[in-house]
Amino acid sequence: MTIKESTEDPKPTPGETKPLPSPTAKKEDALPSGEDGTDAEPPFPMQLLEELEEMVSRPKWVVPVQPDAQLQELMRAATDLSRKGLDTKSSACQRFFRDGLTSSFNKILTDDALSGWKPEIQRYIFYNCKDLVELCAAKIKDNWIILLDLLALAFNPTVKFHQHNYSKQSDTVPMDKPATVKVVYARPDPRAMRGYLIDCINHFGNLNGFRDLRDHLCQSGESLSVSTIASCIRPFGNCADYLTEECVQEFLMPVVDRIVDYLDGLSDADLKKESKNEARTDTFSLIIRSCRNVCLRCPAREGMPQRLEEVCLQLYLRLLQTSSFNGKMNAINEINKMINSMSGYRHGDYSEWLTANRLAEWIQTKDVLSILLRDNLHQPQYVEKLERIVRYVIKEKMMSLKDLDSIWAAQAGKHEAIVKNVHDLLAHLAWDFSAEQLDHLFQCFQASWVSASKKGREKLLELIRRLAEDDKEGMMAGKVLKLLWNLAHDEDCPPEIMDQALSALVKILDYSCSQESEQLKMTWIMDCVEELRLNKWVLPALKLIKDISGVFPPTPAGMVQPRAVRHNVYRSEALAQVNTDADLLTLVCNNLCQYMESVRVLVGVKVDKLDPDVYSPDDRYTHAAHLQERLNFIRYVLRDGQLWLVGRQAQQIWKCLAESAVFPADRGICFRWFSKLLGDEPDLDPESTCSFMEENVLKLDPSVLTEAGLKCFERFFRVVNQNSRRMSTKRRRFITETMDLVGLDYLWQVILHGPDEVVHLAIHLLKESVTNLSPALLQDMAATQKPFLGKCVDTLKGSFEKLQSAKAVGKLPADVESVHVTHLVRCLTLLKEFIGECDSSHRHERTIPLHSRAVRGRQLTLIMRCPTAAHGQVIEDFEVSTHTNELIAVVRRKVLSRLKDININYQTDLSAGADVLSAADDKKLVYSLPLRDRSVVTIKPSQAGSLATSTLASTTSTIPSSPDSSSEDSNGSGGVTSKGPNAQQEHQLPGVIISEDAVLCSFLISLAEFGIANNHPTLRESVRNLLKIMPSDVNRVKNIRLICNTNADGSMGGRDDGSYFSAHIFSNGPAKALYNLEITLSLLMPSYYSAEKELLDFQKHFIEGGGIACMLKMLNGEEKFLVDADPVTRRSSFQAILKICKFMLTVVGHARLGDGKVRSVDEEGNVLADAEQAGPTAAAAEVSAENAGLRGALEVTPNPASESWMRTIARQLGCVCAKQASENNPSKDAINSVVRMVWAAAAGCVHLCNQPDSDIHEVFASGTPSKAVADLEDVTVAKEGMEVLTLCAALNPTVFFKSM
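Every value quoted in this text rests on a predicted model; they were computed, and no experiment measured them.

*Asks:* How should I be thinking about the packing of helix α35 (residues 756-771) against helix α38 (residues 814-841) in this particular structure?
*Replies:* The description of two helices packed together rests on the angle between their axes and the distance between the axes. Here α35 crosses α38 at 40°, and the two axes come no closer than 10 Å. Classified by the interaxial angle, the pair formed by α35 and α38 is oblique. As for how α35 packs across α38, the hand of that crossing is right-handed. For the pair formed by α35 and α38, the contact residues are D756, V759, I763, L766, K767, V770 and T771 on the first element and R826, T829, L830, E833, F834, E837 and C838 on the second. Of the residues in the contact of α35 with α38, the class split is seven nonpolar, two polar and five charged.

*Asks:* What is the right way to read helix α33 (residues 707-723) from this model?
*Replies:* For an α-helix, 3.6 residues make a turn, and residues three or four places apart therefore share a direction. The terminal C-alpha atoms of α33 lie 24 Å apart, and with 17 residues this matches the ideal 24 Å at 1.5 Å per residue to within 8%. Listed in full, the buried residues belonging to α33 are A708, G709, L710, C712, F713, F716, F717, R718, V719, V720 and N721.

*Asks:* In this structure, what is going on with the packing of helix α23 (residues 475-488) against helix α25 (residues 517-533)? I would like to understand it.
*Replies:* Direction vectors running N to C along α23 and α25 enclose 20°, while the axes themselves pass 13 Å from each other. When the interaxial angle is binned, α23 and α25 end up roughly parallel. Regarding α23 and α25, the two cross each other, and that crossing is right-handed. On α25, the residues that touch L481, K482 and W485 of α23 are L520, W524, D527, C528 and E531.

*Asks:* Which parts of the structure should I look at to understand the environment of T1046?
*Replies:* Tracing the chain through its elements places T1046 in helix α44 (residues 1034-1048). Residue T1046 is classed as buried on the basis of its relative accessible area, which comes to 17%. Spatially, the C-alpha atom of T1046 lies 10.0 Å from that of Y1060, the residues being 14 residues apart in sequence.

*Asks:* Sorry, what's going on with unusual backbone geometry here?
*Replies:* In terms of backbone geometry, most residues other than glycine have negative phi values and most peptide bonds are trans. Of the consecutive residues T1197 and P1198, the connecting peptide bond is found in the cis state with omega at -5°. By the secondary structure assignment, P1198 is in the loop between α51 (1185-1196) and α52 (1204-1216). Residues other than glycine seldom take positive phi values, yet N143 does so here, at roughly 55°. Topologically, N143 is positioned in the loop between α5 (119-138) and α6 (145-154). The phi dihedral of N535 falls on the positive side, at around 60°, and the residue is not glycine.

*Asks:* I would appreciate a short explanation of the side chain of H623 in the present structure.
*Replies:* Residue position: H623 is located in helix α29 (residues 623-640). Overall, the relative accessible area of 0% leaves H623 in the buried class.

*Asks:* I would appreciate a short explanation of the pairing of strand β7 (residues 878-883) in the present structure.
*Replies:* Regular strands place their side chains on alternate faces of the sheet. Burial analysis of β7 places five of its six residues in the buried class, which makes it a mostly covered element. Sheet topology note: the strand β6 (residues 859-865)/β7 ladder contains six bridges and is antiparallel. Residue pairing for β7: M864 is matched across the bridge by F878.

*Asks:* Would you mind showing me how to read the packing of aromatic side chains here?
*Replies:* What describes a pair of aromatic rings is the distance from one ring centre to the other and the angle between the planes of the rings. In the structure shown here, the tally under the stated rule is 36 aromatic pairs. When the centroid spacing of 5.4 Å and the interplanar angle of 20° are considered together, the rings of Y185 and F210 count as stacked. In this pair, Y185 sits in the loop between α7 (160-164) and α8 (195-206) while F210 sits in helix α9 (residues 209-218), placing the two residues 25 residues apart along the sequence. For the pair Y185 and F210, one class covers both residues: buried. An aromatic cluster is built from F155, Y185, F204, F210, F236 and F251, whose rings are joined through pairwise contacts. Directly above the aromatic system of Y595 lies the positively charged group of R630, at a separation of 4.7 Å from the ring centroid. Directly above the aromatic system of F1098 lies the positively charged group of R1041, at a separation of 5.6 Å from the ring centroid.

Analysis parameters
- Residues numbered from 1 in each chain as written.
- Predicted model: local features only at pLDDT ≥ 70, side-chain atom pairs only at ≥ 80, totals over all residues.
- Heavy atoms only, no water.
- Axes fitted to C-alpha atoms, helices over the stretch in contact; angles between N-to-C directions.
- Helix = DSSP H or I, 4+ residues; strand = E, 2+ residues; numbered from the N terminus.
- Parallel < 35°, antiparallel > 145°, perpendicular 65-115°, else oblique.
- Left-handed = near helix turned anticlockwise from the far one by under 90°.
- Contact = heavy atoms within 4.5 Å.
- Nonpolar A, V, L, I, M, F, W, Y, C, P; charged D, E, K, R; others polar.
- Expected span 1.5 Å × (residues − 1).
- Buried < 20%, exposed > 50% of the residue type's maximum accessible area, 1.4 Å probe, protein only.
- Pairing = 2+ DSSP bridges.
- Phe/Tyr/Trp six-rings, centres within 6.5 Å; stacked < 30°, edge-to-face > 60°.
- Lys NZ or Arg CZ within 6 Å of the ring centre and 35° of its normal.

In short, geometric facts, not functional conclusions.
Structure (structure tokens):
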């Protein structure tokens, strides 16, 4: 029969085994193969061993326990070899001891499935146990630990087998019957008889096992080991309760005496060696416990248990003093087991002698704690076990202050791992300390604080904070809070460590579980207020008030519940209460003023040499930190306390920081703070904001303002005017309701007298204030903005008059003159920004071009491609002619005009690259698009009002173009955007108004003349930039037209040599001449004109009135209007002259050739309807060899692609004005002048064009031109000059080549 265990069914079931071979066959199988077996390994049934190992190692294991099965046969064979002393020579037998035997008995004695086995199987197990006892008895003298451990298992009454069979009666000592054996070694307990156990013990005694054990341990001279002793005594310690007194007295007490003597006699070296070699951690306690159990069965030796406990404690003490970590851990574990046993009142583990008090006295007497604290504190598991011992000593009231000093000293100056472990130990034990011990511990903290490093103080603060966690009674928290307060007040404490101490203090208050926690917080806040009154420890006190009050919960939005029915205090209530009781805000404001006075005294005259971000008046915090912390605290109290900063307090802060600042940076801090104070939720009392601004902000010297100061002024400016309803907000945008704004005059002062870094901000603010107007003011914008324009003009004229008056008296100092010029430049910049903003806000198409884009730009031909069909009709590609200064709205209209099959209400939404060009972009110019000539543009018409989903894809096209082609759309640049022009609103624009004021325009030009004459380039550029963004001077345009007409009709004597032009247009200063030149160029080549007849009339009158001769004289340098011009004005003038000359010389060339088709002209030269008309006579039209070069030059100059419009108009003018034009010819001086102009522009030195050629050559010869890369303006002058030279060479080749 077998015992099986299944992983599927935990209850083993009996089964049959195969027939066993005969003992003879088994032995023969195990015989060696040699002829002579004298030295061979003793025979052992290997086949049975392999079968057993295979059976017990299965997942569904089987242990054969039936009679004569593998296990029993193997034990008999092993017993036989053991009795002969041959078992050690058999490797198979040793293997059986080590594996098969141990595994089998562990399964059949301890498995949980045992309770389900049949009684028959239980008896078979008992038989196998008797065989095991017989084997162990045979090997008892050999110290065979494996077998002794199995014997301890078999003799253990608590194993599953004996527990299950606890009611089984003994066969050797039956109840109420005589014993069946001669000597009884064990008797059953009537409450739990455990008959199988009693029979096994008696069987062991009858085999002389007890006698052999006594003789072996007591009389043998061989050396013993701790592990051997433990294995020998353990089986009998397990079953001591069932042994008879006679057996114990005769056989086991001598063994106990021998063990005690052995343990007493162990040297330190032996003890260290034994502790290192021991695999078990409880060997010594196992020996002592087993011996004590045996002694308890012998009343005659009642003093022996005490002797054992003393030996045990002595052993543990000696183990703690060894250098072996294992030995120390074993000793600590055993001591903790003693402590746990006594704490749990478990009887039987220890004698009545070793009480809890005696154990604590032993720990105190032997100074065990000091021994434990010597080393190994870096091991967390070691410290964890040490904690239990210390806690036990504290509980037994045996903890002395000396022991506490020893614990604290154990971490002083040690590795941070040791420091952490000791701190953790103290944190865990703190709640067990008495009040005296806590006070002493805090004294240790304070003593260490003085000499601790920065890192050490951080660790100490963390420990102190942990001590107060979860304090419900407040005793620990109170002590810790006071300790932290004292540590933070240490003068040698660095600020960062002090901050950590205060943070720990706040965290303790926050986590406090005391019922009076809110009152405790308020008490500490008032302690900080007292520090403020003493004017000491100010910044830490402010920070602590802020942090403690931050612990209070914020006030819920819309809270209306009265305080009487609530149990908690909100933050706003706490701050308001402190401010009421202690007048906190006034106290801090006064303290700020006191601090500034003290710093002013300390700094004295060294203010320029000190950096406020570095300078520290108290050697702890910088000056900037002192200000920031105080101001931040005031704002915190205002915001979280829901309080107002009253005018008196605000004035205190403003005067001591803004008006009486020690360092310039103090003002910046003040300005930024007041800006935050007037944020989305202002903290300044609304009733005093206006008066504060008028009495303080508007009286501050503008010269001391910074960017932060102007932003601060802007906040006041907007808040005050909004509160007085002079301004309103719409979508976070401020709208001006009336032009009478508070602070507007001060803003003017800032623009005129403020530092350069704030002027642009002030200009922007003033511009927004006078352009973001309400609908009521927009109804008559001109009248609304007229006062502002008048202010600008008056300021300009006043400053200029002062400047001229000062210069008229005598030589004006450079710095004074620079101040007046700066006022002019700033006012001009303001006027320019104002005009630009008004133009940008104008939503309609402009019909009056600006001066800067009044000239026709570079010609572009765009190829429009519509890939989708419109109304079922496929639209072929078509060309649209435009130029760079044309509006996008005009291009869009040209596209729509070509889409004849589409309803006129359609709009075309274009896009350049990733930017979609909708109707809102119609005011932009073509040059803003990334397009080249002959680019292919993909368009998509969309219904008006619908979302624009079209895309524009531009690629460089290779479609050839005709040099002389002209689009039918080239004659009209006017048109409407989606909104169309609005003449009434356009004439109300400030730029248009100024352009219609002849006196004002002349004044502006006179400012530019002054800048040129007195070398003030910024003044000249400011005027030029202003004139560019306005339309050209209307009166000047009319005068130029009138002069051309008058000179052309001969009323001025018929002078056509250009003198009249020079005298009336291009004289009286370089700035005026340049402006007139640009106007003349815009009249000859306008970017925007409504009637072609009017244009041709002016062009004809210009030619007939001597305009060509005048321009050629300018090239000759006969006109001296540019003698006093600066290089920039000179270059711009040359650029305009060259463009006009190129146009006029092209007209001259076509006039000489007499080619092209002209329009019908009446007797007075007025252009009539289109008609074919022959040019000059056929003879004159024949191309001679002399004119071949001219024709060739005109084929390439001007550029056929970018200036096709000029070529077309020039061809027409050449026919209309053939006689007047052909008489003009470039002279040698003009040609030489253009050559010098080109070389000077290429060198970036246009100012040298009137100098000898050698000066220009020196620039190139030196290899160091004035500019590494010529400006775009210089490049333009050089290119225009080269084209003029090409025409000069074609018109007058003889003179040209002679001059070369």
